[in-house]
Amino acid sequence: MGRLYVVATPIGNLEDITLRALRLLQEVRLIAAEDTRHTRMLLDRYGIETPVVRYDDHSHVRQLPVVLRALEQGDVALVSDAGTPGISDPGAELVRAAVRAGHTVSPVPGPSAPVAAIAAAGMPAETFVFLGYLPRRASDRKRVLAEVADETRTMVAFEVPHRLRASLSDLENALGPERAVALAREVSKVHEEFIHGTLGEVRRGFEKAAPRGEFTLVIAGQRAGPWPEDEVRAEVDRRRRRGQAPAEAAREVARASGWPRQKVYRMALEST
């Protein structure tokens, strides 16, 4: 009976792979890959000649028996397009099938886009909620976002460039323009970029610049209770330095912080 290794592979830079992962990819009898062309680039880089079969959303029904037969004869590695298999890809089904067939499944830890993004977002990460890819249909997306509007934990989601603007708009409507967000673009790749701000600020930033690349969104959770006074003053000062009028800054900060508008307005006047 073979063992199924769930192997994390680079999400960008091909050097982001562990020595153990390279050894196992060399030793297994078969590699089941979400994207064989993408995986072949990694294998060619390190001189690995292990046979590869495609295992994705379109082929997994046909290829599942093939992989299970290979497991009867020896070890198999499962890899995704990038990152850790089983997260927003069909790998979880293969893992379940292998377990049912009596095989041992071993994870080989490594790169993960949600973990990489949240590590650089600067938001609370003691616990967080992973939303996966936001729904394609606007009605489904709005429903999901309405369900998490009061979530107090940090949230992480994937989004493709051609839907990013619509998703940011829906996020702003559901969570409010003042909710903090960090966008991780092309993590570990040549054009890696992190964009920090509020949902309103980030959405406006893409009104003229077309989104490019794959995005991971890290979204702050809903605060439980009013902000501390020093945070309210700091946010008011930041907005006033940016050129916001006292009344506008007070209205938006009061709504986000849970403070009375008149008190925030006095702070805004003092910050001038």
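These numbers were taken from a predicted model, which means no experiment stands behind them.

### Topic: a nonpolar patch on the surface
Right, on to step 1. There is a patch of nonpolar side chains on the surface, built from I87, V115, F128 and F130 and spanning about 300 Å² of accessible area.
Right, on to step 2. With respect to the helices and strands, F128 occurs in strand β6 (residues 128-133).

### With respect to the nonpolar core
Right, on to step 1. Counting 19 residues, the largest nonpolar core has L168, L171, L183 and L217 as its most contacted members.
Right, on to step 2. Broken down by secondary-structure element, the contributors of at least two residues to this core are β7 (154-159), α7 (161-175), β8 (180-185), α8 (199-205) and β10 (215-219).
Right, on to step 3. Ranked by the residues each element gives to this core, the list is headed by α7, at four residues.
Right, on to step 4. Discounting residues that sit within four places of it in the chain, L171 has contacts with L145, G176, L199, L217 and I219.
Right, on to step 5. L24, L42, I48 and V108 belong to the second-largest nonpolar core, a separate cluster that totals 16 residues.

### Regarding the sheet that holds strand β5 (residues 104-108)
Right, on to step 1. With respect to topology, five strands assemble into an open sheet ordered β3-β2-β4-β1-β5, the strand pairing being parallel. The open sheet has two free edges, formed respectively by β3 (52-54) and β5, since each of these has just one partner strand. Looking at each pair of strands side by side, their axes are set apart by 25° on average, direction ignored.
Right, on to step 2. Pairing of strand β1 (residues 3-7) with β5 involves five bridges; the strand directions are parallel. The partner of V7 across the bridge, within β5, is V108.
Right, on to step 3. In the packing of helix α4 (residues 91-100) onto the sheet, the strands contacted are β1, β2 (30-33), β4 (76-79) and β5, and the crossing angle to β1 comes to about 160°.

### Topic: empty space enclosed by the protein
Gaps between atoms show up when a probe of the same size as a water molecule is rolled over them.
Right, on to step 1. Taken as a whole and judged by the stated rule, the model has one cavity of 30 Å³ or more.
Right, on to step 2. If you trace the largest cavity, you find it lined by T9, P10, L14, H38, T39, L42, V79, S80 and D81.
Right, on to step 3. Ranked by residue count, the leading element in the lining of the largest cavity is helix α2 (residues 36-45), at three residues.
Right, on to step 4. In terms of residue class, the lining of the largest cavity is built from four nonpolar, four polar and one charged.

### What about the layout of surface pockets?
Right, on to step 1. In this structure, the largest pocket occupies an estimated 940 Å³ of space.
Right, on to step 2. Around the largest pocket, the lining is made up of 33 residues, and of these D81, S88, Y133, F158 and E214 lie nearest the centre.
Right, on to step 3. Its residues placed into classes, the lining of the largest pocket shows 12 nonpolar, nine polar and 12 charged.
Right, on to step 4. Put simply, the second largest pocket is a space of about 740 Å³.
Right, on to step 5. Lining the second largest pocket we find 33 residues, and of these E178, R179, A180, R223 and W227 sit closest to its centre.
Right, on to step 6. Mapped by element, the contributors of at least two residues to the lining of the second largest pocket are β8, β9 (193-198), α9 (229-241) and α10 (246-257).
Right, on to step 7. If you tally residues by element for the lining of the second largest pocket, the top one is α9, at five residues.
Right, on to step 8. Residues that form the lining of the second largest pocket fall into these classes: 12 nonpolar, 11 polar and 10 charged.

### Let's talk about unusual backbone geometry
Backbone geometry follows two general trends: most residues other than glycine have a negative phi, and most peptide bonds adopt the trans configuration.
Right, on to step 1. One non-glycine residue with positive phi stands out, namely E186, at about 55°.
Right, on to step 2. Inspection of the secondary structure puts E186 in the loop between β8 and β9.
Right, on to step 3. One non-glycine residue, S188, lies in positive phi territory at about 70°.
Right, on to step 4. Among the secondary structure elements, S188 is positioned in the loop between β8 and β9.
Right, on to step 5. By relative accessible area, S188 is classed as buried at 17%.

### Section: the environment of V232
Right, on to step 1. Mapped onto the fold, V232 is located in helix α9.
Right, on to step 2. Excluding anything up to four places from it in sequence, V232 contacts W227, V253, S257, W259, V264 and M267.

### Points about the pattern of salt bridges
Right, on to step 1. Across all of its chains, the model carries 18 salt bridges by this definition.
Right, on to step 2. The closest approach of N and O atoms between E27 and R23, which form a salt bridge, is 3.1 Å. A residue pair is termed a helical-turn pair when its members lie 3 or 4 positions apart in one helix, as E27 and R23 do in helix α1 (residues 19-27) at four residues.
Right, on to step 3. You can call E27 exposed: its relative accessible area is 52%.
Right, on to step 4. Judged by relative accessible area, which is 41%, R23 ranks as partly exposed.
Right, on to step 5. The residue R239 makes a salt bridge to E235 at a minimum N-O spacing of 2.9 Å. Of the two residues, R239 and E235 are both situated in helix α9; the distance of four residues between them amounts to about one turn of the helix.
Right, on to step 6. Each of E178, E201, E235, R238 and R239 takes part in salt bridges that share partners, so that together they form one network.

Procedures and definitions
- Residues numbered from 1 in each chain as written.
- Predicted model: local features only at pLDDT ≥ 70, side-chain atom pairs only at ≥ 80, totals over all residues.
- Heavy atoms only, no water.
- Patch = residues over 30% accessible without salt bridge, like charges linked within 9 Å, V, L, I, M, F, W, Y side chains within 5 Å.
- Areas by Shrake-Rupley, 256 points an atom, 1.4 Å probe, with all protein chains shown as cover.
- Salt bridge = Lys/Arg side-chain N within 4 Å of Asp/Glu carboxyl O.
- Helix = DSSP H or I, 4+ residues; strand = E, 2+ residues; numbered from the N terminus.
- Core = buried A, V, L, I, M, F, W, Y, C linked by side-chain atoms within 4.5 Å.
- Buried < 20%, exposed > 50% of the residue type's maximum accessible area, 1.4 Å probe, protein only.
- Contact = heavy atoms within 4.5 Å.
- Pairing = 2+ DSSP bridges.
- Axes fitted to C-alpha atoms, helices over the stretch in contact; angles between N-to-C directions.
- 1 Å grid on protein atoms, 1.4 Å probe; cavity = no way out; pocket = protein on both sides within 12 Å on 5 of 7 lines; lining within 4 Å.
- Points joined across faces, edges and corners; volume = space filled by probe spheres on them.
- Nonpolar A, V, L, I, M, F, W, Y, C, P; charged D, E, K, R; others polar.

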